[in-house]
Amino acid sequence: FIILNGVTITTMNALRTSLRPTFRAIRTTRQDVSKRSFGAGQPESQSMKARLWEGHNVKPEGWETTVYATYAAAAVIITLALGFAPDTSINTWAANEAKVRLDLLKEGKIDKVEFGVHYNVPEKVYDFESNNVDNPFNEDDDDDDDDDDDD
């Protein structure tokens, strides 16, 4: 005899055979309930017999023009908004930060680059303490008179 959790196999077989008619009765009762049709089958609906687009009016209705114009305007606005959205990827930020750091090193505004300091900010890029108000970025003056016509 094989003992499983204190119950022998023969005891389990006897229990299973004695309860088999009860389980069979429960199973057949469930099947009978689910098969009831109350005396008639379900009729086929008229929509299942209809052909697609048959009987529909083909002339435009009053609301369609407004809806189509709204869809077109929304598509244009979304396309423009997504097309002109700024590039906020980490790669673009890192490239701009590296360019500003190299430019600041070239100009001598910083001696060495510190880890963890952001240099691509207006306070570090632009010279707000400039003595010349008309030239806040200390650009070279262009004395060429290209806009004058010498006849």
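See the structure above.
S.K.: Is there a simple way to explain the pattern of salt bridges in this structure?
M.R.: A side chain with one charge may pair with a side chain of the opposite charge, provided their charged atoms come close. Summed over the entire model, instances satisfying the criterion amount to three salt bridges. For arginine 101, the salt bridge is made with glutamate 97, and the minimal N-O distance between the two is 3.3 Å. Residue arginine 101 and its partner glutamate 97 are located together in helix H4 (residues 90-107), separated by four residues, close to a single helical turn. Here lysine 109 makes a salt bridge to glutamate 107, at a shortest N to O gap of 3.5 Å.

S.K.: What is the right way to read H4 from this model?
M.R.: Each full turn of the α-helix corresponds to 3.6 residues, which orients residues three or four apart in the same direction. The end-to-end C-alpha distance of H4, which contains 18 residues, comes to 26 Å, matching closely the 26 Å that a straight helix rising 1.5 Å per residue would cover. Residues of H4 that are buried include every one of Glu97, Val100 and Leu104, and no others. Viewed end-on, H4 has its buried residues packed into an arc of 65 degrees, placing them on one side of the element. In H4, those exposed residues whose orientation departs by more than 90 degrees from the buried face are Asn91, Lys99, Leu102 and Lys106. Packing partners of the buried residues in H4 comprise helix H5 (122-125). One or two residues past the end of H4 sits glycine 108, with phi positive at roughly 80 degrees.

What counts, and at which threshold
For every chain, the first residue of the written sequence is number 1, and numbering continues from 1 onward in sequence order. Local features are withheld for residues below a pLDDT of 70 in this predicted model, meaning they are given only at 70 or higher, and side-chain atom pairs are given and counted only at 80 or more; totals for whole chains, interfaces and linings count all residues. Computation of side-chain values covers all heavy atoms of the structure but excludes hydrogens and water. The rule for a salt bridge is simple: a side-chain nitrogen of Lys or Arg has to be within 4 Å of a carboxyl oxygen of Asp or Glu. Numbering of helices and strands runs from the N terminus; a helix is a DSSP stretch of H or I covering at least four residues, while a strand is a stretch of E covering at least two. Helix span is expected to be 1.5 Å times the residue number reduced by one. Three labels apply to residues, based on accessible area from a 1.4 Å probe with only protein chains included: buried if under 20% of the type maximum, exposed if over 50%, partly exposed otherwise in between. Relevant arc is that of directions from the helix axis to the C-beta atoms, nothing else. Here, two residues are considered to be in contact whenever any of their heavy atoms come within 4.5 Å of each other.

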